[in-house]
Amino acid sequence: MSRKIFTFKNKRHMPKFLAWVLAFLLKLYAWTFRVRIVDLDGAIQRASEHRGVVFALWHNRILFSSVLIPKKVLTNCVVLISASRDGEYIATLVKCFGLSSIRGSSSKGGAQALLELGKALSSGTSTALTVDGPRGPKYTVHSGAAVLSRTIGAPIVPFAINAKKYWQLKSWDRMQIPKPFTRLDIVFGDALHIAPEESNEDANERLKNALLAITDDGDKNN
């Protein structure tokens, strides 16, 4: 048994049958949640009309994002996923929810990934990325979202998935796992528009404040 587990952990790709099993279990688990969606600025409508937006979220809220985000957003959205082996597993899993992905991060393939995301936005496809991922620090905004918004002219929409009760892992991002039957608020904040003359530092600070404003987290300042 231990040898089989070791063999799988060193594979580059997740077996498709396992991805479908995990996707089914995530959906089954998510059915226990009591979900409320708050859309402060009509982001869902904009995305469903093929007017691309840059959805920005924290890394520790991604676990159920593919399951809980409205279908009319998911069907017109491409997500940025790390080029690492763990990212390959995630990319295989999100395909089960109808999501396409572009691979890259600040440490590997980031420039090419931003070009591909920009092409998607230009065609009216929305994009989603974790602004503090894939390695943090937690609740620190990197410049990818600002660069995309400024280059393409697409607004950034911060969103957060807030669980009333959750378990918290000891990973760098303090990944949150909502507890069964808890209440979940999915909050889409006001859209941010990045002016050509605005620096990445100022844009990142604005986005960080906007995200923190809709983030329900007892240790969000830690």
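Residues numbered from 1 in each chain as written. Predicted model: local features only at pLDDT ≥ 70, side-chain atom pairs only at ≥ 80, totals over all residues. Heavy atoms only, no water.

Chemist: I'm lost on the packing of aromatic side chains in this one. Help?
Modeler: To describe a pair of aromatic rings, you give the distance between the ring centres and the angle between the ring planes. One pass over the structure, following the stated rule, counts seven aromatic pairs. Residues Tyr29 and Phe33 carry aromatic rings whose centres are separated by 5.5 Å and whose planes lie at 75° to one another, so their mutual orientation is edge-to-face. Taking the centre distance of 5.4 Å and the plane angle of 20° together, the rings of Tyr29 and Phe64 count as stacked. You can see Tyr29 sitting in helix H2 (residues 16–30) and its partner Phe64 sitting in the loop between strand E2 (54–57) and helix H4 (65–68), a full 35 residues away along the chain. On the basis of relative accessible area, Tyr29 is assigned to the partly exposed category, the value being 24%. Classification of Phe64 by relative accessible area gives buried; the value is 5%. By the ring-pair criterion, three or more aromatic residues cluster together here, those being Tyr29, Phe33 and Phe64. (Phe/Tyr/Trp six-rings, centres within 6.5 Å; stacked < 30°, edge-to-face > 60°. Helix = DSSP H or I, 4+ residues; strand = E, 2+ residues; numbered from the N terminus. Buried < 20%, exposed > 50% of the residue type's maximum accessible area, 1.4 Å probe, protein only.)

Chemist: Even after reading the chapter, I still don't get the nonpolar core, so can you show me in this structure?
Modeler: Side chains of a nonpolar character, in soluble globular proteins, are inclined to be buried together. Ranked by size, the top nonpolar core spans 36 residues in total, and within it Phe55, Phe64, Val67, Leu68, Ile69, Phe159 and Phe188 carry the most contacts. Not counting the four nearest positions on each side in its chain, Leu68 is found in contact with Ala30, Phe33, Val35, Ile161, Leu184 and Ile186. In terms of nonpolar packing, the next biggest core, distinct from the first, is built from 25 residues, Leu117, Leu148, Ala154 and Leu211 among them. (Core = buried A, V, L, I, M, F, W, Y, C linked by side-chain atoms within 4.5 Å. Contact = heavy atoms within 4.5 Å.)

Chemist: Help me understand unusual backbone geometry, please; the structure alone is not making it clear to me.
Modeler: With the exception of glycine, the majority of residues adopt a negative phi angle, and the majority of peptide bonds are in the trans configuration. Here the residue pair Gly136 and Pro137 is connected by a cis peptide bond, since its omega of 5° sits within 30 degrees of zero. Mapping Pro137 onto the fold places it in the loop between strand E5 (126–130) and helix H8 (144–152). Unusually for a residue other than glycine, His50 sits at a positive phi of about 60°. By secondary structure assignment, the location of His50 is in the loop between helix H3 (43–48) and E2. At Phe181, a residue that is not glycine, the phi angle is positive and equals roughly 70°. Inspection of the secondary structure puts Phe181 in the loop between strand E8 (176–178) and strand E9 (183–188). Of the residues examined, Phe181 reaches a relative accessible area of 58% and is grouped as exposed.

Chemist: Where do I start with the pattern of salt bridges in this structure?
Modeler: Side-chain pairs of opposite charge can arise where the charged atoms are in close proximity. Across all of its chains, the model carries five salt bridges by this definition. Residue Arg51 pairs with Glu49 through a salt bridge whose shortest N-O separation is 2.9 Å. Given a relative accessible area of 38%, Arg51 falls into the partly exposed group. A salt bridge links Asp185 to Arg183; the shortest N-O distance between them is 3.3 Å. Counted as one network, the salt bridges with shared partners bring together Arg36, Arg183 and Asp185. (Salt bridge = Lys/Arg side-chain N within 4 Å of Asp/Glu carboxyl O.)

Chemist: When you look at helix H9 (residues 200–213) in this model, what are you seeing that I'm missing?
Modeler: Turn by turn, an α-helix covers 3.6 residues, leaving residues three or four places apart pointing in a common direction. Taking 1.5 Å per residue, 14 residues should reach 20 Å; H9 reaches 20 Å between its end C-alpha atoms and fits that length. Every buried residue belonging to H9 is among Ala203, Asn204, Leu207, Ala210, Leu211 and Leu212, and all of these are buried. The elements touched by buried residues of H9 are E2, H8 and strand E6 (156–163). (Expected span 1.5 Å × (residues − 1).)

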